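Descriptive analysis of the structure
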Amino acid sequence: MSSKISRRAVVQGGLIAGAFIPVLGLVANSATAAALPPLDINDPTAKALGFVTDTTKVDAAANPTHKPNQKCGTCAQYQGKPGDASGGCNIFVGHSVPQGGWCKTWAPKPA
Ligand code: SF4
């Protein structure tokens with residue numbers, strides 16, 4: 001009898017812990033993204049990839065395939081959530097990029 005109670009307690013404890021772990025992960029990710037330093041446009045990799053903080057300022061002559069709707073917020077590499085002013089980027093690890101920024105590696109977020 002006591003082993004059933006003990007087993008139940010263990011299962012309930014595991015379910016509760018399992019429910020909170022993803023929540024804690026989201027909080028940690030938000031805190032991490034907010035703490036990331038903004039990408040410097042003078043960073044050598046950023047320059048090589050034509051990074052700009054405002055997609056409307058992209059040099060059209062140098063980037064003829066650029067479209068106005070291409071921006072970090074719609075990029076597959078962007079880690080921010082909708083509505084975030086900035087977020088992490090898989091290309092520029094350790095930095096945040098503005099949701100309205102752009103670089104040559106832009107690719108659409110999967111639908
Ligand atoms: S890879 Fe995407 S999210 Fe990162 S800087 Fe370039 S356009 Fe922005």
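Here, the structure is the one placed above.
In what follows, the accompanying structure is described. (Residues numbered from 1 in each chain as written. Predicted model: local features only at pLDDT ≥ 70, side-chain atom pairs only at ≥ 80, totals over all residues. Heavy atoms only, no water.)

**Regarding the overall build of the protein chain**
When helices and strands are tallied, the protein chain shows two helices and two strands. The N-to-C order of helical and strand elements in the protein chain reads α-α-β-β. For the protein chain, buried positions account for 23% of its 111 residues. Across the protein chain, every contact between residues at least 6 apart in sequence was considered, and the portion connecting residues at least 24 apart equals 59%. Carbon and sulfur atoms provide 65% of the accessible area of the protein chain, an area that totals close to 7,500 Å². (Helix = DSSP H or I, 4+ residues; strand = E, 2+ residues; numbered from the N terminus. Buried < 20%, exposed > 50% of the residue type's maximum accessible area, 1.4 Å probe, protein only. Contact = heavy atoms within 4.5 Å. Areas by Shrake-Rupley, 256 points an atom, 1.4 Å probe, with all protein chains shown as cover.)

**What about the side chain of histidine 66?**
Locating histidine 66 in the fold gives a position in the loop between helix H2 (44-48) and strand E1 (86-88). Judged by its relative accessible area of 17%, histidine 66 falls in the buried class. At a separation of 2.7 Å, a polar atom in the side chain of histidine 66 contacts the side chain of threonine 55. Apart from the residues within four sequence positions on either side, histidine 66 is in contact with Thr55, Val58 and Trp102. (Polar contact = N/O pair within 3.5 Å; in protein donor to acceptor, adjacent residues only side chain to side chain.)

**Overview of the site of the ligand**
Around the ligand lies a shell formed by Phe51, Cys72, Cys75, Gln77, Tyr78, Cys89, Ile91, Phe92, Trp102, Cys103, Thr105 and Trp106. Broken down by class, the residue content of the shell around the ligand amounts to ten nonpolar, two polar and no charged. (Near = heavy atom within 4 Å. Nonpolar A, V, L, I, M, F, W, Y, C, P; charged D, E, K, R; others polar.)

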